[in-house]
Amino acid sequence: MIRNILLATTLAVSAPALAAGPVLDTPVQDDWWQGGRAALDARLKVVNRPKRAKNVILMVGDGMGVTTITAARIFDGQHPIDGRKPGPGEENSLAWDRMANTALVKTYNTNAQVADSAGTASAFNTGVKTRIGVINMGQNQGAEACKTPEKLPRTFAEIARAQGLAVGIVSTARITHATPAAVFGHVPKRDWEGADRAYPMADRASGCADLATQLVNFKGGVEVVLGGGGARFLPVGKGGVRDDGRNLVSEWQQRWPTGQYVADAKGLRALSAASTGPVLGLFTADHLSFEHDRKDDAEPGLPELARFAVAKLAAGTKARGGKGYYLMIEGGRIDHAHHASNPYRALKEAQTFSVAVAEVLKMVNLDETLVLVTADHSHVLTMAGYPERGNDILGYIKPARDGEGGGPISKEGWALDDRGQPMTTLSYANGPFLAPQLSRQLPPTDPNYLASKTFGTGSESHGGEDVALFAEGPRADLVRGVMEQNLIFHIMAEALGWR
Ligand SMILES: [Mg+2]
Ligand SMILES: [Zn+2]
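What counts and how
- Within each chain, residue numbers correspond to sequence positions counted from 1 in written order.
- Each chain is given a letter, starting from A, and each ligand a number, starting from 1, according to the order in which they appear as written.
- Selection of residues for local features in this predicted model requires a pLDDT of at least 70, selection of side-chain atom pairs for listing and counting requires 80 or more, and totals for whole chains, interfaces and linings are taken over all residues.
- Strands here mean DSSP runs of E at least two residues long; helices mean DSSP runs of H or I at least four residues long; both are numbered from the N terminus.
- Only C-alpha atoms enter the radius of gyration, while the globule expectation follows 2.2 Å times N to the 0.38, with N the number of residues.
- Burial is judged by counting other C-beta atoms within 10 Å of a residue's own C-beta: 20 or more means buried, 12 or fewer means exposed, and anything between counts as partly exposed, with every C-beta placed from the backbone.
- Placing a C-beta atom from the backbone of each residue, one calls two residues in contact when those atoms lie within 7 Å.
- In short, DSSP must find at least two bridges between two strands for them to pair.
- An axis is simply a line fitted to the C-alpha atoms; with a helix, the fit covers only the stretch in contact. Between two such axes, the angle follows the N-to-C directions and lies from 0 to 180 degrees.
- The term nonpolar core refers to a group of buried residues, namely Ala, Val, Leu, Ile, Met, Phe, Trp, Tyr and Cys, whose C-beta atoms join them within 7 Å.
- Any angle that is under 35 degrees is reported as roughly parallel, and any over 145 degrees as roughly antiparallel; angles of 65 to 115 degrees are reported as roughly perpendicular and all others as oblique.
- Starting at the helix axis, one direction is taken to each C-beta atom, and the arc is that of these directions.

Trainee: What should I look at first to understand the overall build of the chain in this one?
Mentor: The secondary structure content of the chain amounts to 14 helices and 15 strands. The C-alpha atoms of the chain give 25 Å as radius of gyration, which agrees with the globular expectation for 499 residues (23 Å, within 12%). Referenced to the eigenvectors of the C-alpha coordinate spread, the extents of the chain come out at roughly 80 × 70 × 45 Å. The buried share of the chain, reckoned over its 499 residues, is 46%. Contacts in the chain between residues at least 24 apart in sequence constitute 69% of all its contacts with a sequence separation of at least 6.

Here it is, written out as structure tokens:
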């Protein structure tokens, strides 16, 4: 009786009293039941965040579709890299799995059902969708629009910088590649990264500056640039591919006398995040290495780059009179490994991207920083065939005994297809048939194994289904339901109080 009165009093203070409902009772209350109840209790605790953010961090796993997330989660559980014990994998969580707000995002471009990184990154950087291959131009704008820059869609970074916020860009791809370029640049063709063969002379008459030039000339400057693609900044004969003789690194150094340019891991590690002046780090001529192939004394990995960028942007807040920052961090090579139909490297890249997200979440105050994690588009990776729980995600399918399927089984216990071949859990809808002769002699768990595919194409392609968006921080509550990709821009703007 006394207990009931106490309970009633407590409820009256904290929440409207709930009418007593039926008792939840079932004979099986095992670990799954207890885990489910604990997860429910965690969700019933309301976290009230402030409605305004000071900083926005957008983290993009290029090509990290939902199948990639699931497979990478299992891969990370089976091959943990931080001292955790390996497990079956399915129960594991990646860094964003614990973020409270999630949405499905429609990725199509205005003229393409299956999108590319240029059109999709334009959507979340400008708030408007555009055509495939186009970076930050309206859907009806072409090269002629370079002559009237004031009529181009404005990027989140351009608006942020004009308001006194700092901007940071981190990528494991070339910094002029579509995703990072969409933070700062405007071109009708994503290939116009530098003054080289990919930007034909005839096209240059349009007056559109190449993306490397646009980065160096970004109005107000970019506080932290860390990535690959140095060759687009340097002339032929000086380690670069530019045919216009310009050395954009020198031009950047002249523009920013207090700036620091670094070209290797040692250079980055010698920098203090607290020092004033912008940082330009171009660590490779082309993309950074895949994490599997990276030499740590030569090249920093994505988690280290992310840590430095957050520390640097946060350290500059005081000098900006309290103004925050916009930082885009891209795990850019999940996509590249998929295009090669190489699941191991794709999952390793996604796992590393998750480590970078975890590091960022550790460093920021989520009451003042909105953190978003998403992909620009998916890939045609599928996960199939009723493998048993804990089956190596890269391996051949060992069927769950009482699962469906019911086909023939090899003496090793592998499920066989109609031709008597063992099947892998992961395969692609398309990709190179001819290139991977080598791969046929490798076990599917080998890092260089190229997975099987249905259609033979030069390169495995993007997938067109929705991608996931995860969010935590001020106005993360707006991330829910099914949404168009350009809404990401508007949510970020709302979090910063832009109207
Ligand atoms: Mg990209
Ligand atoms: Zn791609």
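Trainee: Even after reading the chapter, I still don't get the environment of Val222, so can you show me in this structure?
Mentor: Secondary-structure assignment places Val222 in the loop between helix H8 (211-216) and strand E4 (224-228). With 56 residues separating them in the primary sequence, Val222 and Pro278 have C-alpha atoms 7.0 Å apart. Every residue in contact with Val222, bar those within four places of it in the chain, is listed here: Val167, Gly168, Ile169, Phe184, Leu215 and Pro278.

Trainee: Is there a simple way to think about the sheet that holds strand E6 (residues 279-282) in this case?
Mentor: Neighbouring strands of a sheet are bound in pairs by backbone hydrogen bonds; such pairs are parallel or else antiparallel. The ten strands lie next to each other as E5-E6-E4-E3-E7-E1-E8-E14-E2-E15, forming an open sheet whose pairing is mixed. Here the strands that pair on one side only, and so sit at the sheet edges, are strand E5 (260-262) and strand E15 (482-484). Mean inter-strand twist for the sheet, computed between neighbouring axes without regard to direction, equals 15°. Across six bridges, the pairing between strand E1 (residues 55-61) and strand E7 (residues 325-331) is parallel. Bridging from a neighbouring strand, Met59 pairs with Ile329 of E7. Of the strands in this sheet, E1, E7 and strand E8 (369-374) are in contact with helix H13 (residues 343-363), which crosses E7 at around 160°. Docked against the sheet, helix H14 (residues 487-495) engages E1, E8, strand E14 (467-472) and E15, running at close to 170° with respect to E8.

Trainee: I keep staring at the nonpolar core and nothing clicks. Help me out?
Mentor: Across soluble globular proteins, nonpolar side chains show a tendency to be buried alongside one another. By size, the foremost hydrophobic cluster in this structure holds 119 residues, and its most contacted members are Ala309, Val360 and Met492. A total of ten residues in this core trace back to one element, the largest contributor, which is H13. With sequence-adjacent residues up to four places away left out, Val360 is seen in contact with Ile57, Met59, Ala306, Val310 and Val371.

Trainee: Looking at this model, I keep getting lost on the packing of helix H3 (residues 66-78) against H13. Mind explaining?
Mentor: Axis separation between H3 and H13 bottoms out at 9 Å; the angle between their running directions is 80°. The angle between H3 and H13 places the two elements in the roughly perpendicular class. In this structure, H3 uses Thr68, Ala71, Ala72, Phe75 and Asp76 to contact H13, whose residues at the interface are Ala346, Leu347, Ala350, Gln351 and Ser354.

Trainee: Could you clarify how one ought to interpret the sheet that holds strand E10 (residues 381-383) in this entry?
Mentor: Spatial ordering of the open sheet is given by E10-E11-E12, a layout of three strands whose pairing is mixed. Looking along the sheet, the strands with just one partner apiece sit at the ends: E10 and strand E12 (453-456). Averaged over all adjacent pairs, the angle separating strand axes in this sheet is 20°, with direction ignored. Of the pairings in the sheet, the one linking strand E11 (residues 426-431) to E12 comprises three bridges and is parallel in character. Residue Tyr428 lies in a different strand from E12, and its bridge partner there is Lys453. Sheet strands touched by H3: E10 and E11. Its angle to E10, the strand with the most contacts, is close to 55°.

Trainee: Just checking my understanding: could you explain helix H9 (residues 248-255) for this structure?
Mentor: The periodicity of an α-helix, 3.6 residues per turn, causes residues three or four places apart in sequence to face the same way. Residues of H9 that are buried: Leu248, Val249 and Trp252. For H9, the buried positions fall inside an angular range of 105° around the axis, keeping them on one side. For H9, the elements touching its buried residues are H8, E5 and E6.

Trainee: Whenever I open this one, the pairing of E14 confuses me. Can you help?
Mentor: When you tally the buried positions in E14, you get five out of six residues, the bulk of the element. Note that strand E2 (residues 101-106) and E14 share five bridges and pair antiparallel. Among the inter-strand pairings, Val105 is bridged to a residue of E14, identified as Val467.

Trainee: Explain the environment of Ala273 here, please?
Mentor: On the secondary structure map, Ala273 appears in the loop between helix H10 (265-269) and E6. Separated by 42 residues in sequence, Ala273 and Ala315 place their C-alpha atoms 6.9 Å apart. If sequence neighbours within four positions are ignored, Ala273 has contacts with Phe308, Ala311, Lys312 and Ala315.

Trainee: Looking at this structure, I do not really get unusual backbone geometry. What am I missing?
Mentor: Of all residues except glycine, most have a negative phi; of all peptide bonds, most are trans. Even without glycine at this site, Asn136 takes up a positive phi of about 55°. Here Asn136 is to be found in the loop between helix H4 (117-126) and helix H5 (156-162). The buried category is assigned to Asn136, around which 27 C-beta atoms lie within 10 Å. In this model, Ser341 sits at a positive phi of 60°, which is unusual for a non-glycine residue.

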